[in-house]
Amino acid sequence: MVMRFLHVLRNQWDRAAALVALVAAVVALIAGYLGVSRTAFFSEEIPYLISGGLTAVMLLGIAAVLYLSADLRDEWRELCGIHATLDAIYELERSQGNGQSSAARP
Amino acid sequence: MTLSQLSDVLTARGARTAARPREAAAADPLQVLIAELGPHDVARLSRLVRQRQRRRTELWSATELLVLLGGLAAGAVILLGAWIGASGTSRYSSLVGWAAFGVAAPAVAGVAAASWILSGIKTIRRETAEMGARVTELAAGRDNGESAPIQARRAVPTILSSEEFVASKGMTRFHRPDCLMVSGKPVTAASVLAHRSAGRVPCGMCLPSC
């Protein structure tokens, strides 16, 4: 079970990192809210707004980038597989065209 | 990727690209071709596929990665500076100024992130278009009862390696001047040596190195 989890984590590291960034963003948002709500002075609220709110926005952006990157990387891997197969088919057909045996050619 | 996986992928891709009938229609002949291969050819094809998959290139270049990391790092530094600045003052005007400065952090990081995602999408679109053209050409060759490389070599006399082939700046392959892959594209001619030193490989369709 643990090994399987680690295997999934290694293969899906970008999605796992996106999840971690999302959780960190929520934590930063809650911490910022708590900090602001516990003070009555405007001058003490602004640092919480920056360290909590803006940090949460940045972390949310990072989570989005990681998740989108994972999707793009999956699509790229799929394309590379198809390209590799096409290359192989061309090479196979070329060698058949050069006079090698072929069971497939009509 | 096994042949059955390839077949699944092509079927799924054909369904997803229903709005692009050229690619969807071209997927079927490729599956027919694979189905027609004998056991010996299938084994050889699988071996060739594995060899080529090892040569896979990355979706993003090192420069693009540096731009992303640089943007994120700049955002973090701006955020830290704004927080330190805002913590050290109690004047209203200064606080508003530091808060406005802090807003620049997600903006800078956002621009870097958008650049990263857009460059990835652009590369994938380019590769998909190239693949569609290759599959179409393969299908055309099958329709005539000949493989595409054989057709290409019959149509175009063998060119010596000292002659020039064409490619454009962003291409990863170089082509014969009359290759369908570069038809209508702004390309420049160069020698095989120049293309290879630029990291390009011969086009699998027009076989410029044959």
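A. Representation of the pattern of salt bridges in the model. Residue and element names in this part refer to chain A. Evaluated as defined, the whole model comprises four salt bridges over all chains. For Arg 15, the salt bridge goes to Asp 71, with nearest N and O atoms at 2.6 Å. You can see Arg 15 sitting in helix 2 (residues 13–37) and its partner Asp 71 sitting in helix 3 (residues 42–97), a full 56 residues away along the chain. With a closest N to O distance of 2.9 Å, Arg 15 and Asp 74 form a salt bridge. Placement of Arg 15 in helix 2 and of Asp 74 in helix 3 is noted, with a sequence separation of 59 residues between them.

B. Layout of the side chain of Ser69(A). Mapping Ser69(A) onto the fold places it in helix 3. Using a relative accessible area of 4% as the deciding quantity, one classes Ser69(A) as buried. With sequence-adjacent residues up to four places away left out, Ser69(A) is seen in contact with Trp60(B), Trp116(B) and Ile117(B).

C. Structural context of the packing of aromatic side chains. Counted according to the given criterion, the structure contains four aromatic pairs over all chains. Taking the centre distance of 4.1 Å and the plane angle of 15 degrees together, the rings of Trp60(B) and Trp116(B) count as stacked. Of this pair, Trp60(B) sits in the loop between helix 3 (39–54) and helix 4 (62–87) while Trp116(B) sits in helix 5 (residues 92–143), and the two are 56 residues apart along the sequence. With a relative accessible area of 6%, Trp116(B) lands in the buried category. Seen in terms of ring centroids, Phe165(B) and Phe174(B) are 5.9 Å apart; in terms of plane orientation they differ by 40 degrees. Their pairing is tilted. Taking relative accessible area as the criterion, Phe174(B) reaches 0% and is therefore assigned buried. Geometry around Tyr67(A) places Arg15(A) over its ring, the cationic atom sitting 5.5 Å from the centre.

D. Local environment of the environment of Ala56(A). Residues and elements named next belong to chain A. With respect to the helices, strands and loops of the structure, Ala 56 is situated in helix 3. Since its relative accessible area comes to 3%, Ala 56 is described here as buried. Counting along the chain gives 25 residues from Ala 56 to Ala 31, while the straight-line C-alpha distance between them is 9.9 Å. Beyond its immediate stretch of four places on either side in the chain, Ala 56 contacts Ala 25, Ala 28 and Leu 29.

E. Molecular detail of the side chain of Ser119(B). Residue and element names in this part refer to chain B. Tracing the sequence through the fold places Ser 119 in helix 5. Of the residues examined, Ser 119 reaches a relative accessible area of 14% and is grouped as buried. Here Trp 60 takes part through its side chain, which lies 3.4 Å from a polar atom of the side chain of Ser 119. In this structure the side chain of Ser 119 is engaged in a polar contact, spanning 2.9 Å, whose partner is the backbone oxygen of Trp 116. Among all residues touching Ser 119, those that are not within four sequence positions of it are Trp 60 and Glu 64.

F. Geometry of helix 4 of chain B. In this model, helix 4 of chain B (26 residues) spans 37 Å end to end at C-alpha, consistent with the 38 Å of a helix rising 1.5 Å per residue. Every buried residue of helix 4 of chain B is accounted for by Leu68(B), Gly71(B), Gly75(B), Ile78(B), Leu79(B), Ala82(B), Gly85(B) and Ala86(B).

Cut-off values and rules
- Residues numbered from 1 in each chain as written.
- Chains lettered and ligands numbered in written order.
- Predicted model: local features only at pLDDT ≥ 70, side-chain atom pairs only at ≥ 80, totals over all residues.
- Heavy atoms only, no water.
- Salt bridge = Lys/Arg side-chain N within 4 Å of Asp/Glu carboxyl O.
- Helix = DSSP H or I, 4+ residues; strand = E, 2+ residues; numbered from the N terminus.
- Buried < 20%, exposed > 50% of the residue type's maximum accessible area, 1.4 Å probe, protein only.
- Contact = heavy atoms within 4.5 Å.
- Phe/Tyr/Trp six-rings, centres within 6.5 Å; stacked < 30°, edge-to-face > 60°.
- Lys NZ or Arg CZ within 6 Å of the ring centre and 35° of its normal.
- Polar contact = N/O pair within 3.5 Å; in protein donor to acceptor, adjacent residues only side chain to side chain.
- Expected span 1.5 Å × (residues − 1).

Fair warning: the whole summary comes from geometry, so function is off the table for now.
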